[in-house]
Amino acid sequence: FMQYRLQYRPKGFRTFDKVFRDIDQAMEIHAKLKSMYKGGTLEGHSSQTTTLGNLLQRFADEVAPKITSYPDREKSRLLKLKTYAIADMPVGKLTRQHFNAWRDERRGETRTVRGAAKQISRKTIKDELSLMRRVLEYAEDEWGTDLPKGNPIDVRRIMRRIENDKIERKAIPSQDIETKLLEACGAYGDGHSLRDLVELGLATGCRRGELCDLVWDNVFIDERIMKVRNKDRKRDGKPLRDIPLGKRALDVLERIGICEDGPVFPAYTKPDSVTRALARVRKDNPDVPEFEFITPHVLRHTAVTRAQQKGLSPAQVQAMSGHKTTQMLDNYTHLQAKDVVDLID
């Protein structure tokens, strides 16, 4: 009698090898195995035993320290994601619907901000989804983890059903508010270090991370230039970009006391420390409601807006701010009609 041998070995599985007398039965079994593989129900695969939490933990231990200058912060985000029920699921069984449910669960949570409970923002959820997608992509490419259904995280489709709660960024509204802010930062109790950092941010438009990374070796007073770490610090050998130093920026650096080496702001070597310090300043000055929206990034918005108020062209402002496109630069510009009256004349 005739025999038919079926050998089927999907990626990551042991070979299914069996002899049949009936070709129709062999084809039926083959079709069933393929269906189970695509559906993620085929037993004995690593994706059925490897959970999302396993991958998050491994990524935190092995990869995060190599791709970010702040591995503790990245590891904290990864370990927080491990606390959700979705992290206990085998990656081979994950679908977009699971992440939709996680999105809704996360959206229902609140966090305490200055004593008030606030809903988890859309941006936070989007960033966490992007992080989990990146972990799954890395596991598939580098660790050989097979995802029978493909990567189930489509960030754009998952986020489509969340209402947009984007925070409108603004510049500091007036010189009077800026003066009050600098006075409050000067009274913070750190030897005027926060005041100097805030004023240098207003003068240069640097990001908080760039200011925290700034060292005296990269400050060239005679050339009126300072070099700061670019946003992608871990790529291309930690590239530097040049920042022009105006008179105000030079005054701040001279007031700090120019040194040969070491950090310019030794009290603030991590970005989060700047954010916390400004939060305390806001808390200590409840009588100034305009402080409510001022964050380290608002300083950058303010610097870009004032540069355009002075009549600098978009290309000149880009040279200061480091934005790659004028479209991104437009998001940082908050000009009003009164700001261009003198320029028209």
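Note that the structure is a prediction, hence the values are computed from the model and not measured.

Here is what the cut-offs are and how they apply
Here the residue numbering is sequential within each chain, running from 1 through the sequence in written order. Local features are withheld for residues below a pLDDT of 70 in this predicted model, meaning they are given only at 70 or higher, and side-chain atom pairs are given and counted only at 80 or more; totals for whole chains, interfaces and linings count all residues. Each side-chain value is derived from all of the structure's non-hydrogen atoms; neither hydrogens nor water enter the calculation. In this description a helix means any DSSP run of H or I spanning at least four residues, a strand means any run of E spanning at least two, and both kinds are numbered starting from the N terminus. Residue burial is assigned from relative accessible area. The probe radius is 1.4 Å, only protein chains are included, and a residue is buried under 20% of its type maximum, exposed over 50%, and partly exposed in between. Pairs of residues are marked as contacts when any of their non-hydrogen atoms sit within 4.5 Å. Only the protein chains shown count as cover for residues, and the accessible areas themselves come from Shrake-Rupley with a 1.4 Å probe. We define the nonpolar core as a collection of buried residues of types Ala, Val, Leu, Ile, Met, Phe, Trp, Tyr and Cys that are connected through side-chain atoms lying within 4.5 Å of one another. Residues enter a patch when their relative accessible area is above 30% and they make no salt bridge; the linking distance is 9 Å between like charges and 5 Å between nonpolar side chains (Val, Leu, Ile, Met, Phe, Trp, Tyr). Salt-bridge detection follows one rule: a side-chain nitrogen of Lys or Arg within 4 Å of a carboxyl oxygen of Asp or Glu. Counted as positive: Lys and Arg. Counted as negative: Asp and Glu, with His and the chain ends omitted from the count. Taken as the charge centre is NZ of Lys, CZ of Arg, CG of Asp or CD of Glu, depending on the residue. Pairs of strands are assigned from DSSP output, requiring at least two bridges between the strands. Every axis corresponds to a line fitted to the C-alpha atoms, with the helix fit spanning only the stretch in contact, and the corresponding angles, defined between N-to-C directions, vary from 0 to 180 degrees. Comment on the angle field: the value is read as roughly parallel under 35 degrees, roughly antiparallel over 145, roughly perpendicular from 65 to 115, and oblique elsewhere. Lys, Arg, Asp and Glu make up the charged group, whereas Ala, Val, Leu, Ile, Met, Phe, Trp, Tyr, Cys and Pro make up the nonpolar group; the residues left over, Gly among them, are polar. Note on aromatic contacts: the rings of Phe and Tyr and the six-membered ring of Trp form a pair at centre separations within 6.5 Å, being stacked when their planes are under 30 degrees apart, edge-to-face when over 60 apart, and tilted otherwise. Summarising the geometry, the arc corresponds to the directions from the helix axis toward the C-beta atoms. Every helix has an expected span of 1.5 Å times one less than the residues it contains.

Asker: Would you mind going over the overall build of the protein chain in detail, with residue names and values included?
Answerer: Check the secondary structure of the protein chain and you find 16 helices and 7 strands. Per-residue burial for the protein chain yields a buried fraction of 39% across its 345 residues. Contacts in the protein chain between residues at least 24 apart in sequence constitute 61% of all its contacts with a sequence separation of at least 6. Roughly 19,800 Å² of accessible area belongs to the protein chain as shown, and the carbon and sulfur atoms make up 47% of that amount.

Asker: Tell me about the nonpolar core, residues and numbers included.
Answerer: Core analysis: the biggest nonpolar cluster contains 37 residues, and Ile172, Leu181, Val198, Leu200 and Met226 have the highest contact counts within it. At the level of secondary structure, the elements contributing two or more residues to this core comprise helix 8 (175-186), helix 9 (193-204), helix 10 (208-213), strand 6 (225-229), helix 11 (247-256), helix 12 (271-284) and helix 13 (296-309). If near-sequence neighbours (up to four positions away) are discounted, methionine 226 is found in contact with Leu200, Thr204, Cys206, Leu214, Asn218, Val219, Arg241, Asp242, Ile243 and Leu245. Leu56, Val91, Leu131 and Ile158 belong to the second-largest nonpolar core, a separate cluster that totals 30 residues.

Asker: Give a detailed account of a positive patch on the surface, specifying residues and quantitative values.
Answerer: On the surface, Lys126, Arg156, Arg157, Arg160 and Arg161 cluster together into a positively charged patch. Tracing the backbone shows arginine 161 in the loop between helix 7 (155-159) and helix 8. Assessed through its relative accessible area of 73%, arginine 161 is described here as exposed.

Asker: How would you sum up the sheet that holds strand 6? Please name residues and give values.
Answerer: Strand order in the open sheet formed by 3 strands is 5-6-7, with antiparallel pairing between adjacent strands. Both outer strands of the open sheet, strand 5 (219-220) and strand 7 (240-244), are each paired with one neighbouring strand and no more. In the sheet, strand 6 pairs with strand 7 via 5 bridges, with the strands oriented antiparallel. Directly across from lysine 227, in strand 7, lies its bridge partner aspartate 242.

Asker: Any details on the pattern of salt bridges? Residues and values, ideally.
Answerer: In the structure shown here, the tally under the stated rule is 22 salt bridges. Here glutamate 137 and arginine 133 are joined by a salt bridge, their closest N and O atoms 3.2 Å apart. Here arginine 133 and glutamate 137 lie together in helix 6 (residues 122-142), a separation of 4 residues that amounts to about one turn. The partly exposed category is assigned to glutamate 137, whose relative accessible area is 33%. The exposure class of arginine 133 is partly exposed, given its relative accessible area of 27%. Between glutamate 178 and arginine 248 there is a salt bridge, and its shortest N-O distance comes to 2.5 Å. Of this pair, glutamate 178 sits in helix 8 while arginine 248 sits in helix 11, and the two are 70 residues apart along the sequence. Among the residues examined, arginine 248 registers a relative accessible area of 28% and is labelled partly exposed. What emerges from the salt-bridge pattern is a single network uniting Glu178, Arg195, Asp196, Glu199, Arg248, Arg255 and Arg306.

Asker: Describe in detail the packing of helix 4 (residues 71-81) against helix 6, supporting the description with residues and values.
Answerer: Where helix 4 meets helix 6, the axes come as close as 11 Å, and the angle between the chain directions of the two elements is 90°. On the basis of the axis angle, helix 4 is roughly perpendicular to helix 6. Between helix 4 and helix 6, the contacting residues are Glu74, Arg77, Leu78 and Leu81 on the first element and Asp127, Glu128, Leu131, Met132, Arg134 and Val135 on the second. For the contact of helix 4 with helix 6, the class distribution of residues is 5 nonpolar, no polar and 5 charged.

Asker: Please set out the packing of aromatic side chains residue by residue, giving values where relevant.
Answerer: Scanning all chains against the criterion turns up 3 aromatic pairs. Each ring, one from phenylalanine 59 and one from tyrosine 138, has its centre 5.7 Å from the other, and the planes form 85°; the classification is edge-to-face. Residue phenylalanine 59 is located in helix 3 (residues 52-67), and its partner tyrosine 138 is located in helix 6; the two are separated by 79 residues in the primary sequence. Relative to tryptophan 143, the ring of tyrosine 138 has its centre 5.3 Å away and its plane inclined at 75°; by these criteria the two rings are edge-to-face. Tyrosine 138 sits in the partly exposed class, given a relative accessible area of 30%. Assessed through its relative accessible area of 18%, tryptophan 143 is described here as buried. Feature note: the residues Phe59, Tyr138 and Trp143 constitute an aromatic cluster, connected by ring pairs.

Asker: Could you give me a rundown of helix 4, with the residues and numbers involved?
Answerer: Looking only at helix 4, the buried set comprises Glu74, Leu78 and Leu81. All buried residues of helix 4 fall inside an arc of 60° around its axis, so they share one side.

Asker: Tell me about helix 5 (residues 96-107), residues and numbers included.
Answerer: Under the 1.5 Å per step criterion, the end-to-end length of helix 5 is 16 Å for 12 residues, consistent within 8% with the ideal 16 Å. Taken together, the buried positions of helix 5 are occupied by Phe99, Asn100, Trp102, Arg103, Arg106 and Arg107. Buried residues of helix 5 fall within an arc of 165° about the axis and therefore sit on the same side.

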